[in-house]
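Structural overview for review
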Amino acid sequence: MPFTRYASAYGRVIGIESDDAGIALPLPYLPFPWDTTRPQGGLDRIYQVRSRPNGAYTLAIDQDPPVDVLGLELLGDRIEGDLHHWLATFTRGFLFVHAGCVGWRGRGLVLPGRSHAGKTTLTRALVEAGATYYSDDYAVIDPTGAIWPFPRRLYVRPITSEPPHRIDPVASQWEIGRTAMRAALVAELRFDRDGGWAVERLSGGQGALSLLDNTVAARERPQDALRLMSNAMEGAIAIKGTRGDAESSARRLLAMVDDFLDHA
């Protein structure tokens, strides 16, 4: 008999079903609990897992044909990657911005940027400096402009020959955000080993455009996206430029937030 866990996330209902209640279903990180009680209404996304011999599984997503996956770790990676991208694209009311995000003194520090901009490394350095972890890849903005947590395992791409790996925030005993917060600082920074720290202050409108440029569903919801990003910038400051090593940059950013909040 199939065994299913459910989650409601940002206006969508997700289910992960297995044919074996004894296996540890790979449940992706979400700021909402997984439960065995089905929420009211229909499912928006269903992942169906079936056991195969020798530690293999098949995975079917909605009505797509099933694919073979070897091992629970790869199965979890595949479900998590698909679910996070799907939520970022098809949420209701909220908008997802490609950004690292941490909390500091009850306010948000948002790091918009595309892949390979170095935001995961900087997010990790900020958390290790004492900030609260919200996400390394998505800042979730609600209609008021408040930022909600989207905790995930960090996907770290070392600059050495070491292969990419994931960091579990729970196993690392990080403080993880649970509630919405307003942004204090939006910092669009790109790692530049030679150039180091070189930033300029942006206007609120420029900060909103920086967020908009990294918003997942901006083309599908342009007017809505611009309004939400403008709301997100209310009461916040923005900078853009390059940074050096993550540790010293994290200290600079936290000091910048401290100075802003102390003089607000």
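Residues numbered from 1 in each chain as written. Predicted model: local features only at pLDDT ≥ 70, side-chain atom pairs only at ≥ 80, totals over all residues. Heavy atoms only, no water.

We now examine the overall build of the chain. When you go through the chain residue by residue, the secondary structure sums to five helices and 15 strands. Over its C-alpha atoms the chain spans a radius of gyration of 19 Å, differing by no more than 12% from the 18 Å that the globule rule assigns to 264 residues. Within the span of the chain, comprising 264 residues, buried residues form 50% of the whole. Total accessible area on the chain stands at roughly 12,900 Å², and carbon and sulfur atoms take up 50% of it. Once the 29 positive and 32 negative side-chain charges of the chain are each reduced to a mean point, those two points are 3 Å apart. (Helix = DSSP H or I, 4+ residues; strand = E, 2+ residues; numbered from the N terminus. Rg over C-alpha atoms; globule rule 2.2 N^0.38 Å. Buried < 20%, exposed > 50% of the residue type's maximum accessible area, 1.4 Å probe, protein only. Areas by Shrake-Rupley, 256 points an atom, 1.4 Å probe, with all protein chains shown as cover. Lys, Arg positive; Asp, Glu negative; His and termini not counted. Charge placed at Lys NZ, Arg CZ, Asp CG, Glu CD.)

This paragraph deals with the environment of Arg201. In this fold, Arg201 is placed in strand β14 (residues 198-202). Ignoring any residue separated from it by four or fewer positions in sequence, one finds Arg201 in contact with Ile237, Ala238 and Ile239. (Contact = heavy atoms within 4.5 Å.)

What follows covers the environment of Ala236. Relative to the helices and strands, Ala236 is located in the loop between α4 (222-232) and β15 (237-243). Taking the C-alpha atoms as reference points, Ala236 and Ala99, 137 residues apart in sequence, are found 16 Å from one another. When near neighbours in sequence (up to four residues on either side) are disregarded, Ala236 contacts Ala183, Ala184, Leu185 and Phe260.

Turning to the pairing of strand β4 (residues 56-61), a few remarks are in order. Of all the six residues making up β4, six are buried; the element is thus mostly covered by neighbouring parts of the structure. By the alternation rule, side chains of β4 split into Ala56, Thr58 and Ala60 and Tyr57, Leu59 and Ile61, which are all buried. Where strand β3 (residues 45-51) meets β4, five bridges bridge the pair, whose relative direction is antiparallel. Looking at the pairing, Ser51 lines up with Tyr57 of β4. The antiparallel hairpin formed by β3 and β4 contains four residues in its connecting segment, where Asn54 sits at a positive phi of about 60 degrees. In this sheet, strand β5 (residues 67-70) lies alongside β4 in antiparallel orientation, the contact comprising four bridges. Residue pairing across strands places Leu59 opposite Val67, the latter belonging to β5. Between β4 and β5, which pair antiparallel one after the other, the connecting turn spans five residues, and Asp62 there sits at a positive phi close to 55 degrees. (Pairing = 2+ DSSP bridges.)

Here the focus is the packing of aromatic side chains. Under the definition given, this model contains 10 aromatic pairs. Measuring from centroid to centroid gives 5.5 Å for Tyr10 and Phe96, while their planes differ by 85 degrees, and the two rings are edge-to-face. Placement of the pair is Tyr10 in the loop between β1 (3-9) and β2 (12-18) and Phe96 in strand β6 (residues 95-104), with a sequence separation of 86 residues. You can call Tyr10 buried: its relative accessible area is 3%. Assessed through its relative accessible area of 0%, Phe96 is described here as buried. Between the aromatic rings of Phe94 and Trp148, the centroid separation amounts to 6.4 Å while the plane-to-plane angle is 85 degrees, which identifies the pairing as edge-to-face. Placement of the pair is Phe94 in the loop between α1 (72-90) and β6 and Trp148 in strand β10 (residues 147-148), with a sequence separation of 54 residues. For Phe94, a relative accessible area of 17% puts it in the buried group. The partly exposed category is assigned to Trp148, whose relative accessible area is 28%. (Phe/Tyr/Trp six-rings, centres within 6.5 Å; stacked < 30°, edge-to-face > 60°.)

Worth remembering: the numbers are spatial, not functional.
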